[in-house]
Amino acid sequence: MIRDEEPAKRRNEHELGCDLSSISADELRHRITLLEAEIDRIKSEIDRKDAGRKAADSLFGPKV
């Protein structure tokens, strides 16, 4: 298969602030899905860290 004939692969990344005018609506929807999953992952990590902080605060008292 010649390189020009290879099917286009979806990128699994999104650069913040990039030009969106040349990206198809389907690709934009795909990027939204990826970004929403990343937001959920980050929120879960925040929740995990907050729970650890609360557990430490209950044992040792909050930092002032």
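Scoring rules and cut-offs
- Residues numbered from 1 in each chain as written.
- Predicted model: local features only at pLDDT ≥ 70, side-chain atom pairs only at ≥ 80, totals over all residues.
- Heavy atoms only, no water.
- Helix = DSSP H or I, 4+ residues; strand = E, 2+ residues; numbered from the N terminus.
- Buried < 20%, exposed > 50% of the residue type's maximum accessible area, 1.4 Å probe, protein only.
- Areas by Shrake-Rupley, 256 points an atom, 1.4 Å probe, with all protein chains shown as cover.

A closer look at the overall build of the chain
1) Next: Tallying secondary structure elements over the chain gives one helix and zero strands in all.
2) Next: Per-residue burial for the chain yields a buried fraction of 6% across its 64 residues.
3) Next: When the accessible surface of the chain is totalled, it reaches about 6200 Å², and 55% of it is carbon and sulfur.

Digging into the environment of L35
1) Next: Of note, L35 is situated in helix α1 (residues 25-60).
2) Next: Accessibility expressed as a relative area gives 35% for L35, which makes it partly exposed.
3) Next: Taking the C-alpha atoms as reference points, L35 and H14, separated by 21 residues in sequence, lie 8.0 Å from one another.

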